[in-house]
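Geometric and topological summary
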Amino acid sequence: MTSRFPFLPCFALAVAASWVVVVVWPHLQLGGLEPVTIEETGAVYPPIRSGEALVGAEIYRSLGCQYCHTRQVRPGTMGGDIARGWGKRRTVARDYIRDQPVMLGSVRFGPDLANLGCRETNAAALLLRLYKPSAIVPLSTMPSYGQLFDVRPAPRGSSDSHNPLALRMDSSANPGFEVIPRAEARALVVYLLSLKADELFLEVYPREDLQKLNSVIGMDKARALP
Ligand code: HEC
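Residues numbered from 1 in each chain as written. Predicted model: local features only at pLDDT ≥ 70, side-chain atom pairs only at ≥ 80, totals over all residues.

1. Some thoughts on the overall build of the protein
To keep it simple, the criterion reads: Only DSSP runs of H or I covering at least 4 residues are called helices, and only runs of E covering at least 2 are called strands; the numbering of each starts at the N terminus. With C-beta atoms placed from the backbone, a residue counts as buried when 20 or more other C-beta atoms lie within 10 Å of its own, as exposed when 12 or fewer do, and as partly exposed for counts between those limits. The contact rule is simple: place each C-beta atom from the backbone, and if two of them lie within 7 Å, those residues are in contact.
Helix and strand counts for the protein stand at seven helices and four strands. Shown N-terminal to C-terminal, the secondary structure of the protein runs as helices and strands in the order α-β-β-α-α-α-β-β-α-α-α. Taking all 226 residues of the protein together, the buried fraction comes to 20%. In the protein, the proportion of contacts linking residues at least 24 apart, taken out of those at least 6 apart, comes to 70%.

Put into structure tokens, the structure is as follows:
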């Protein structure tokens, strides 16, 4: 006995409806987002990343950093991200328009990195963290990325490496050896330092400042902006 339920048309309709809701609708809403010019500074946001930072983004992806770190700050009403110091505002779609692919992450074993470049400006500290996380946080559960470094005997007769690239760390950790970051480690750190999503533009202006702004530039202009 054949069912009278028209399975195939219903199935096709369900797939088409999901495609419209998950792909077409968000694309119509957000697909045309452009960078904005910050009026106070004249800088374009989000800034274009350097070639080295783009290489670093690929290394970040290939090493799976996004499986333990998110890059999205929730609004103050939806969690303590801002109170924790992970950003001074929530992240918005415009923050990611230069990312290919977008690496939002979904699990937070480690801190959110959306604004890492705002709170950490020391490249040497980041390199050391990648080589030996426990040198920064003694009981860190972050894995070591030693494959991004060359460990080789230090020049004879010197207890400390004179190579300007060598990691500066407790010499008892690797007596007689120096640890040199490879180009991949340096590119990854350039990418990490570029992670900043703190510029204020209209869609993320604090409410009280937005009212002030509206009274200066006029409601029409404010409404015309996204
Ligand atoms: C298995 C989970 C895990 C993975 C994978 C991982 N991390 Fe972490 N990470 C952590 C944890 C947990 C912390 C917090 C403890 C600490 O500071 O070491 C952390 C801390 C950090 C911090 C310091 C953040 C801050 O707010 O100061 C940085 C930077 C970082 N990780 C970068 C990376 C990068 C880059 C990668 C990929 C190469 C990576 N992590 C992969 C778990 C992970």
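2. Focus on the site of the ligand
Definition in use: What makes a residue near a molecule or strand is its C-beta atom, placed from the backbone, lying within 6 Å of it. Only Asp, Glu, Lys and Arg are considered charged in this grouping, and only Ala, Val, Leu, Ile, Met, Phe, Trp, Tyr, Cys and Pro are considered nonpolar; every other residue, Gly among them, is considered polar.
As a structural note, the neighbourhood of the ligand is formed by 23 residues, with Cys 65, Cys 68, Gly 110, Ser 140 and Met 142 the closest of them. For the shell around the ligand, a count of residues per class yields 16 nonpolar, five polar and two charged.

3. Observations concerning the packing of helix 4 (residues 123-131) against helix 5 (residues 183-193)
So the rule is basically this: Axis definition: a line fitted to C-alpha atoms, limited for helices to the stretch in contact. Angles are taken between N-to-C directions and run from 0 to 180 degrees. Here the word oblique covers every angle except those under 35 degrees (roughly parallel), over 145 (roughly antiparallel) and from 65 to 115 (roughly perpendicular). Rotating anticlockwise by less than a right angle from the far helix to the near helix defines a left-handed crossing, while the corresponding clockwise rotation defines a right-handed one.
Where helix 4 meets helix 5, the closest approach of the two axes is 10 Å, and the angle between their N-to-C directions is 120 degrees. For the element pair helix 4 / helix 5, the angle class is oblique. The handedness of the crossing between helix 4 and helix 5 comes out as right-handed. Across the interface between the two elements, Ala 123, Leu 126, Leu 127 and Leu 130 of helix 4 pack against Ala 185, Leu 188, Val 189, Leu 192 and Leu 193 of helix 5.

4. Here we look at the confidence of the model for the protein
Worth spelling out the cut-off: Per-residue confidence from the predictor is reported as pLDDT, a score between 0 and 100.
Averaged over every residue, the pLDDT of the protein is 87; the share at 70 or more is 86%. Of all the helices and strands in the protein, helix 7 (residues 219-224) carries the lowest mean pLDDT, 47, while helix 5 carries the highest, 98. Here residues 222-226 is a poorly scored stretch, pLDDT under 50, and it has seven contacts once near neighbours within four places are set aside; other chains count.

5. Focus: unusual backbone geometry
At the junction of Tyr 45 and Pro 46, the peptide bond is cis and its omega measures out at -5 degrees in the coordinates. The omega torsion of the bond from Gln 100 to Pro 101 falls at 0 degrees, within 30 degrees of zero and hence cis. Here Pro 101 is to be found in the loop between helix 2 (51-63) and helix 3 (116-119).

6. A few points about the environment of Tyr 67
Position of Tyr 67 relative to the elements: it lies in the loop between helix 2 and helix 3. Accessibility expressed as a C-beta count within 10 Å gives 12 for Tyr 67, which makes it exposed. Residues Tyr 67 and Phe 109, 42 residues apart in the sequence, show an inter-C-alpha distance of 8.2 Å.

7. Things to note about the packing of helix 2 against helix 5
Contact geometry of helix 2 with helix 5 gives a least axis separation of 7 Å together with a crossing angle of 100 degrees. Overall, the two elements helix 2 and helix 5 adopt an arrangement that is roughly perpendicular. Judged by residue contacts, Glu 52, Ala 53, Val 55, Gly 56, Ala 57, Ile 59 and Tyr 60 of helix 2 engage Glu 184, Ala 187, Leu 188, Val 189, Val 190 and Tyr 191 from helix 5. Its residues assigned to classes, the contact of helix 2 with helix 5 shows ten nonpolar, one polar and two charged.

8. Some remarks on the nonpolar core
Filter applied, for reference: Among buried residues, those of type Ala, Val, Leu, Ile, Met, Phe, Trp, Tyr and Cys that are joined through C-beta atoms within 7 Å form a set called a nonpolar core.
Grouped together as the largest cluster of nonpolar side chains are 26 residues, with contacts concentrated most on Leu 127, Leu 130, Ala 185, Leu 188, Val 189, Tyr 191 and Leu 192. Those elements that place two or more of their residues in this core are helix 2, helix 4 and helix 5. The leading source of residues in this core is helix 5, at seven residues. Here Tyr 191 is in contact with Ala 53, Gly 56, Ala 57 and Tyr 60, once residues within four sequence places are set aside.

9. A short note on helix 5
Here helix 5 has its buried residues at Ala 185, Ala 187, Leu 188, Val 189, Val 190, Tyr 191 and Leu 192. Summarising the contacts, the buried residues of helix 5 are in contact with helix 2, helix 3, helix 4, strand 3 (149-153) and strand 4 (177-181).

10. A closer look at helix 4
Helical geometry: 3.6 residues make up each α-helical turn, so side chains three or four residues apart lie on a common side. Those residues of helix 4 that sit buried are Leu 126, Leu 127, Arg 129, Leu 130 and Tyr 131. For helix 4, the elements touching its buried residues are strand 3, strand 4 and helix 5.

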